[in-house]
Amino acid sequence: MMATVSSPVLEMLRTRDFWRHFLVALLFFGALAPMQFVAEAYAFYGGGLHTAPALYVTHGRFIPAVEWWAFKASGLPDPVFHAWSYLAVLFCTAASLYVLERALRRECLEANRLLLAPVAVLILVNPFMLDLVLWTQKSTHLLSILACTLAFSAFLPVLEGRPGALFKTWGWLLVANFSYQGPLALFPCLALVFICSKSRDWRAWLRNHAWTAVAFGLPALVNYLTLRFLLVHQRVTQPVVWHETLQAVRAGLAETLFNTFGLLPANLFMAVLGLVALVVLLVVLVVPPPKATGAGPARIAQPWEVLTVPYLLAGGLAVAMAPHMGVASDIIWVVPRNVYAVGCLPGLLLAWLLTRREIRGPKAWFLVIFVGLFVGLVHVRIQTILRDHYAMNRRDQEIALEIRDQVRAHETASGVRVTRMALYFDRTHQTNYPGLFWNRDTNMRALGFEEGTVDILRYLTDLDLKLVPPSRTIQDEFSEREWNDFSPEQLIFEGDTLHLCLF
C-alpha cells in the first residue's frame, strides 16, 4: 500500500521537470527562509496546544488545525515549524507547477510544448500568491493550490467521458476545501479553459459545464454545510444584505483588477490582462487552426472561438468573486489570498490559445519575452515586499524589547512590579511603519493594535500584562500627540499599570 501511494511522488522527484520548478519556487520564495511573523503568529507561537487549532477549526480548516496541534504536541521549537512550512511552500509550489505543466502537455498542441512551463508559472506564481505565503499557515495555503491542480488533472478524464474519475477529483477538492478556501476558484477556472477547448459541440459544452459544477460543487457544499450547521460560523450564518454585498464585491473587484492591492503598479495588471486578451484574439483571427486530428483541436467555428475570450474572462472573474456573495455583508473582506484565481487569468487565456493554435517563430518568442518580463516584474515586487516584511518584523521586535527595558527600569526604580497594561492611540494612528509596504493584512505590524501588542510582548519578553480599560484623562493627552516612531514618552506608569500609546 505505501509503495503504491508514494510511487507518484517518487516518480515526480526523479524528474528534471520537478527540480526545474523547484528552482522557480526557490527563486520567488527562497527569501522566506529566515523566521518571519505576521501579527497573529505571536499569539499562535506563544499560545497553548489549542490556540491556533481552535481558530482554524471554526473556519472549517481542519488540516492546518491538525498540523498545528501536532506541532504543539511534539514540543518542537518554533523555528522547526517555520522550517517545515517554508519547505512545504517550496515543495507545493514546485509540485503544483509540475502537475499543471503535465496536464497542459496532455491537451496542448505538440508545437507549443516549449511554451508550457512559462505559461504554468504565469498561471500559478501570480502576484496574489504572495499573500498566501506570508501567513503562519502558509504550508496548507499552498497545499490547497496543489490539491486544486491535482483535482484538475484528475478531472480531465471526466471531460473525455469517464465520470469515474470524479471520485479522485472530489477527494482532492475536499483536501483543498479543508486546507484553505481562498484558492478554490483555481479549479473551475482551469476547467473552463479545457471545457472551451475540448467541447466539440454545444451539447458537450453544456454537459462538461454540468460535470464541472458537480465536481466542484459537492466538496464546496460539504464545507459550507460544515461551517453553517456544525461550526455555526458567523461568515455564513449572519444575514446577507444584497445591496451591501454587491457594493462590497464591486469595490473589491475594482481594487483587484486596477490596484492589485498595491502588489503591482496601479492599472498594470488590468493592462496586462487586456493585452493578453487582445493578443489571443488576434492570433485566433489571423492564424488558421491546424488540421483537426484525433488529438487536435475540436472543429469549432472561428466566431465561437472569438467569443471564448470574453467568456473565459467573465467566467474566471465570476467564479473568483462568487464566494464573497454568500458571506455576511458586514464582514466581506476582499484580499489577495481569496481572489488568487483572478491573478491566474492572463496565463489561463494563453493556456487556451496553446490548445487552439500552433505558436511558432516570432510569435512564440514574443510570448516568451512578454511572459518573462511580466513574471520578472512580479518577482521583483515580491522580493521588495518581502524585504519590507522582514523590516517590519525587526522593528516590531526592537520596539517590544525597548518597551520591556522601560518597564524593567521603572520596576527597578519604583520597586513596584508592572502587571497591567492600558493601550491608547495617538492622533494619526497607523497600522504600518512609514516607508514600508502595507496593504490591508499584508505587512500589518503587531504593535498596531491591542491584541497584537499583548501577544508580541508575551512572546518576545517575559511581560505577561493583563489588558485593562484605558483612562479617559490619559487618552485625551495621547490623542493630541503624534509620533512616527517609538518614543519613551509613549509610556506612562501609574503604580502597577503601564499606559502605552500606539503610534
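Everything numeric in this text was worked out from a predicted model, so none of it was measured. (Residues numbered from 1 in each chain as written. Predicted model: local features only at pLDDT ≥ 70, side-chain atom pairs only at ≥ 80, totals over all residues. Heavy atoms only, no water.)

Caption draft 1: Spatial organisation of the overall build of the chain. When helices and strands are counted, the chain shows 20 helices and four strands. Rg of the C-alpha trace for the chain: 25 Å, near the compact-globule value of 23 Å for 503 residues, within the 12% margin. Based on the C-alpha atoms only, the size of the chain along its principal axes is roughly 90 × 50 × 45 Å. Across the 503 residues in the chain, those meeting the buried criterion constitute 52%. For the chain, long-range pairs separated by at least 24 residues make up 80% of all intrachain contacts whose partners lie at least 6 apart in sequence. When the accessible area of the chain is evaluated, it comes to approximately 22000 Å², of which 65% is carbon and sulfur surface. Between the centroid of the 41 positive side chains of the chain and the centroid of its 37 negative side chains there is a distance of 15 Å. (Helix = DSSP H or I, 4+ residues; strand = E, 2+ residues; numbered from the N terminus. Rg over C-alpha atoms; globule rule 2.2 N^0.38 Å. Buried < 20%, exposed > 50% of the residue type's maximum accessible area, 1.4 Å probe, protein only. Contact = heavy atoms within 4.5 Å. Areas by Shrake-Rupley, 256 points an atom, 1.4 Å probe, with all protein chains shown as cover. Lys, Arg positive; Asp, Glu negative; His and termini not counted. Charge placed at Lys NZ, Arg CZ, Asp CG, Glu CD.)

Caption draft 2: Summary view of the pairing of strand S1 (residues 420–425). Both S1 and strand S2 (residues 466–467) contribute to a ladder of two bridges, which runs parallel. What sits directly across from Arg420, in S2, is Lys466. With respect to chirality, the unit in which S1 leads through helix H19 (residues 450–460) into the neighbouring parallel S2 is right-handed. Both S1 and strand S4 (residues 497–502) contribute to a ladder of six bridges, which runs parallel. Looking across to S4, one finds that Met421 is bridged to Leu498. (Pairing = 2+ DSSP bridges. Right-handed = clockwise from strand over helix to strand, strands pointing away.)

Caption draft 3: The arrangement of the layout of surface pockets in detail. Looking at the largest pocket, its volume works out to about 1300 Å³. Lining the largest pocket are 42 residues, and of these Arg61, Tyr180, Gln181, Arg235 and Asn338 lie nearest its centre. Only helix H4 (51–58), helix H12 (202–230), helix H13 (234–237), helix H16 (302–321) and H19 provide two or more residues apiece to the lining of the largest pocket. The dominant element in the lining of the largest pocket, judged by the number of residues it contributes, is H12, at five residues. Considering only residue class, the lining of the largest pocket consists of 24 nonpolar, 11 polar and seven charged. Each pocket or cavity is described by its volume, and for the second largest pocket that value is around 930 Å³. (1 Å grid on protein atoms, 1.4 Å probe; cavity = no way out; pocket = protein on both sides within 12 Å on 5 of 7 lines; lining within 4 Å. Points joined across faces, edges and corners; volume = space filled by probe spheres on them. Nonpolar A, V, L, I, M, F, W, Y, C, P; charged D, E, K, R; others polar.)

Caption draft 4: A look at a nonpolar patch on the surface. On the surface, Val9, Leu10, Leu13 and Trp19 cluster together to form a nonpolar patch covering roughly 320 Å² of accessible area. Broken down by element, the nonpolar patch gets its largest block of residues, three residues, from helix H1 (residues 2–13). With respect to the element layout, Trp19 can be found in helix H2 (residues 16–29). (Patch = residues over 30% accessible without salt bridge, like charges linked within 9 Å, V, L, I, M, F, W, Y side chains within 5 Å. Salt bridge = Lys/Arg side-chain N within 4 Å of Asp/Glu carboxyl O.)

Caption draft 5: Representation of the sheet that holds S4 in the model. One open sheet holds the four strands; their spatial order is S2-S1-S4-S3, and the pairing between them is mixed. Of all strands in the sheet, those bounded by a partner on one side alone are S2 and strand S3 (491–494). Strands in contact with helix H18 (residues 361–414) are S3 and S4; relative to S3, the strand with the most contacts, it is inclined by about 30°. H19 rests against S1, S2 and S4 of the sheet, and its axis sits at about 140° to S1. (Axes fitted to C-alpha atoms, helices over the stretch in contact; angles between N-to-C directions.)

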